[in-house]
Amino acid sequence: MLDFLGNLKRTHYCGELRAPDEGRDAVVMGWVHRRRDLGNLLFLDVRDRTGIVQAVFNKETQPAAHAKAEQVRSEFVVAVEGKVVKRQKANPELASGEIELVATKLHILNNSKTPPFAIEEEINAAEETRLRFRYLDLRRPKPRRNLALRHKIILEMRKVMDELGFIEVETPMLTRSTPEGARDYLVPSRIHHGQFYALPQSPQIFKQILMIAGLDRYFQIVKCFRDEDLRADRQPEFTQLDLEMSFPRQEDIFHVIETVMVRACAVAGIKVAAPFPHMLYKDVIRKYGSDKPDLRFGMELYEVTHCFPDEAKQKLQIEGSVFALAAPGAAGYSRKQLDDLTEKAKALKARGAYFVKVTPEGLSSTIEKMIGAENVHKLGEACGAKPGDLVVGVSAKEQIKGTEAAALIAGQLRLQLGEALNLTDKSQWRFLWITGFPLFEWSETEKTWVSAQHPFTGIVDEDLDKLESAPWEVRSKGYDLVLNGYELGSGSIRIHRQDIQERLFKALGLSQEQLRRRFGFFLDALTYGTPPHGGIALGVDRIAMLLNGEKSIREVIAFAKTTAAQDLMADSPSEVDAAQLDELGLAIKPEVKKPAE
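Quick notes on the rules
Residues numbered from 1 in each chain as written. Predicted model: local features only at pLDDT ≥ 70, side-chain atom pairs only at ≥ 80, totals over all residues. Heavy atoms only, no water. Pairing = 2+ DSSP bridges. Helix = DSSP H or I, 4+ residues; strand = E, 2+ residues; numbered from the N terminus. Axes fitted to C-alpha atoms, helices over the stretch in contact; angles between N-to-C directions. Core = buried A, V, L, I, M, F, W, Y, C linked by side-chain atoms within 4.5 Å. Buried < 20%, exposed > 50% of the residue type's maximum accessible area, 1.4 Å probe, protein only. Contact = heavy atoms within 4.5 Å. Salt bridge = Lys/Arg side-chain N within 4 Å of Asp/Glu carboxyl O. Polar contact = N/O pair within 3.5 Å; in protein donor to acceptor, adjacent residues only side chain to side chain. 1 Å grid on protein atoms, 1.4 Å probe; cavity = no way out; pocket = protein on both sides within 12 Å on 5 of 7 lines; lining within 4 Å. Points joined across faces, edges and corners; volume = space filled by probe spheres on them. Nonpolar A, V, L, I, M, F, W, Y, C, P; charged D, E, K, R; others polar. Patch = residues over 30% accessible without salt bridge, like charges linked within 9 Å, V, L, I, M, F, W, Y side chains within 5 Å. Areas by Shrake-Rupley, 256 points an atom, 1.4 Å probe, with all protein chains shown as cover. Parallel < 35°, antiparallel > 145°, perpendicular 65-115°, else oblique. Left-handed = near helix turned anticlockwise from the far one by under 90°.

**Q** Which residues make up the sheet that holds strand β2 (residues 41-48), and what are the values?
**A** Strand order in the closed barrel formed by five strands is β1-β2-β3-β5-β4, and the pairing between neighbours is mixed. Here the strands of the sheet are splayed against their neighbours by 55° on average, with no regard to which way each runs. Here strand β3 (residues 51-58) pairs with strand β5 (residues 99-110) via two bridges, running parallel. Bridge pairing in β5 places V56 opposite V102.

**Q** Tell me about the nonpolar core, and please be specific about residues and values.
**A** Core analysis: the largest hydrophobic core is formed by 44 residues, its most contacted members being L241, L243, M261, F431, L481, L488 and L538. When sequence neighbours within four positions are dropped, the list of residues in contact with L241 reads M157, M161, F219, Q220, I221, V260, I536, A537, L538 and V540. Grouped together as the second largest cluster of nonpolar side chains are 36 residues, F323, A327, A405 and F437 included.

**Q** Which residues make up the pattern of salt bridges, and what are the values?
**A** Inspection of the entire model under this criterion finds 43 salt bridges. For R35, the salt bridge is made with D37, and the minimal N-O distance between the two is 3.7 Å. E244 serves as the salt-bridge partner of R494, at 2.8 Å between the closest nitrogen and oxygen. A residue pair is termed long-range when its members are at least 10 positions apart, and R494 in the loop between β23 (486-493) and α13 (498-507) and E244 in strand β10 (residues 237-246) qualify at 250 residues. When sorted by exposure, R494 lands in the same class as E244, which is buried.

**Q** Describe in detail the side chain of T171, supporting the description with residues and values.
**A** On the secondary structure map, T171 appears in the loop between β6 (167-168) and β7 (185-188). Within the local environment of T171, its side chain forms a polar contact with the side chain of Q220, the two groups lying 3.0 Å apart.

**Q** An account of the layout of surface pockets is requested, with residue identities and associated values reported.
**A** Considering only enclosed or pocket space, the second largest pocket measures out at about 780 Å³ in volume. At four residues, the largest contribution of residues to the lining of the second largest pocket is made by β7. Across the lining of the second largest pocket, the residue classes break down as 16 nonpolar, three polar and two charged.

**Q** Describe the pairing of β5, and please don't skip the residues or the numbers.
**A** Put simply, side chains in a regular strand alternate between the two faces of the sheet. Note that strand β4 (residues 77-86) and β5 share 10 bridges and pair antiparallel. Residue V84 lies in a different strand from β5, and its bridge partner there is L101.

**Q** Break down the sheet that holds β10 for me, citing the residues and quoting the values.
**A** The eight strands lie next to each other as β6-β9-β10-β24-β23-β22-β19-β11, forming an open sheet whose pairing is mixed. On the outer flanks of this sheet lie β6 and β11 (278-280), each paired with one strand and no other. Strand direction decides the pairing type here: β6 and strand β9 (residues 217-225), joined by two bridges, are parallel. Within the sheet, the bridge partner assigned to I167 lies in β9 and is Y218. Against the sheet, helix α6 (residues 250-267) contacts β10, β11, β19 (431-435), β22 (478-483), β23 and β24 (533-539), and its axis sits at roughly 160° relative to β19.

**Q** For a nonpolar patch on the surface, give the residues involved together with the corresponding values.
**A** On the surface, Y135, F559 and M569 cluster together into a nonpolar patch covering about 300 Å² of accessible area. With respect to the helices and strands, the residue F559 is situated in the loop between α15 (540-547) and α16 (578-584). Its relative accessible area of 46% is what places F559 among the partly exposed residues.

**Q** Describe the environment of D162, with residues and values.
**A** Relative to the helices and strands, D162 resides in helix α4 (residues 141-163). By relative accessible area, which is 56% here, D162 ends up exposed.

**Q** Account for the packing of α4 against α15, with residues named and values stated.
**A** Relative orientation of the contacting elements α4 and α15 amounts to 125°, with a least axis distance of 10 Å. By the criterion of interaxial angle, the relationship of α4 to α15 is oblique. Of the two possible hands of crossing, α4 and α15 adopt the one that is right-handed. Each of L149, R150, I153, I154 and M157 in α4 lies in contact with α15, whose residues at this interface are V540, D541, I543, A544 and L547. Considering only residue class, the contact of α4 with α15 consists of eight nonpolar, no polar and two charged.

**Q** Mind laying out the environment of F254, listing which residues take part and the relevant values?
**A** Turning to its location among the elements, F254 is positioned in helix α6. On a C-alpha basis, the gap between F254 and Y479 in space is 9.4 Å, while along the polypeptide they are 225 residues apart. Setting aside chain neighbours within four positions, we find F254 in contact with H278, W433, T435 and Y479.

**Q** An account of unusual backbone geometry is needed here, citing residue identities and associated values.
**A** Cis peptide bonds are those with omega within 30 degrees of zero, and the linkage from A274 to P275 qualifies with 0°. Counting through the fold element by element, P275 comes out in the loop between α6 and β11. A positive phi angle is found at F247, which is not glycine, with a value near 55°. Structurally, F247 is set in the loop between β10 and α6. Within the chain, K349 stands out as a residue other than glycine whose phi angle is a positive 75°. Structurally, K349 is set in the loop between α9 (335-347) and β14 (352-359).

**Q** Before we move on, could you go through empty space enclosed by the protein and cite the residues and values that matter?
**A** If you roll a probe as big as a water molecule over the atoms, it shows you where there is empty space left. Across all of its chains, the model carries one cavity of 30 Å³ or more by this definition. Approximately 90 Å³ is the volume found for the largest cavity. The class makeup of the residues in the lining of the largest cavity is three nonpolar, three polar and five charged.

Laid out in structure tokens, this is it:
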């Protein structure tokens, strides 16, 4: 028989009882974490969000409560009345381990089926099982700690933004579709037959309009939506810190974000110093082979094309540049390990991979016959290789988005080797601002130059004259913030002049009809005295993931979706009734299967 809660009031949380509470009467409420029956004595570990307390039921002194405790099992919901006493032997693994609750009364508030996995700190259940039974998974201490720290991070962000004079404004969740980048999630309108809203990929246009409206400093902790193809660590809905400022210098925006991140890190017990270092995009690509480099270890890249004579280039089929790095302590790599690196490079579309082992006896290389001993030594010297190092070089024919593919491939190998050689200092938190991004990138599918960022990104003033004649040389006023190999956010100084905005749209090949259909209301707003403005958006999920020490954003989102964008707990997306479709004027067409490649 289950009990009613009635007027019974909780006096203490389970994990907050301590030695100074000895002698007090207490009422705790929660779930039965573990039950141990020793005959006359029965122990229940009762758990709530703060932790666990041990309750003792004595058959001789409290027979009714003991008899009732014999009925409960793991995950039953209970309330225990009793007196706090000091334990004879403390349990150092529990925060409440110095005391226990001698029970006088037990209320069984609900029973429970046997869970599909144990509610423990660490479990071996598959992620799909955890997501399907997320309400059980969230009872574990680790997910609760993750969500609690996420809450504190967001709270601190709001405090900082308020202190710096920003006003939080909620922008619409139902807006018009302006497809740029990822696909929009569309919402059919019942009232306006045949028309659709879209869920926002970002509040970009609205926050710029708030600057036109004279709000000066806007921010929002906002939910955004992108109907992207499957990616390992992306969610179709995500949360970001979004902000915009009027009349800013780039440094003003950097200062705001640096203040936010220093304070957010402090909440997690991590001390970082501002200002953060800056690097140009072209330099960071050539030095690290990535636009989100992990700076917790060195192993920089070097262009070593000059070490390959023309004859050797022909034999090795080298058509582009060659980039190389020196992997410290890897000279002892086996043939199989070198083959694995070669396969990794080829999987990344490298034309070839080349190795030089640097030993106290000298240098040996797989390509010495091709380039000659002198060039092998040049190759080692160019990378600053020391005895015990392994020089790894790669070449590639193609460029990727206007960048040397060999550098990007070498950057991927750098990360793999850094992990394999345990070079990453996990105690470091290395922020980096990246600036000087190209405004355009080459599209192989469209055979033209396309916008590398959203089309409202500002253009470096001295590059404006190249917009029509040499778009590949035009630099944007965009910037990214990177932490330990992860991009935390992107932003830019915006285009605030209508004439420049129209020139950019024209350079992108957008017709007046397309512009009016996609951005008409925004283009109209630009004509009413738009101030210079700029902003940025930071990924809150990713920040919470890193500061919690997790490797997946799903670990810091209460109700995360799978990599297939499915909510296994709620079983969504799902089919809807025909009546709902009829009301919206919609019909489901058969799925068109893409031909196999």
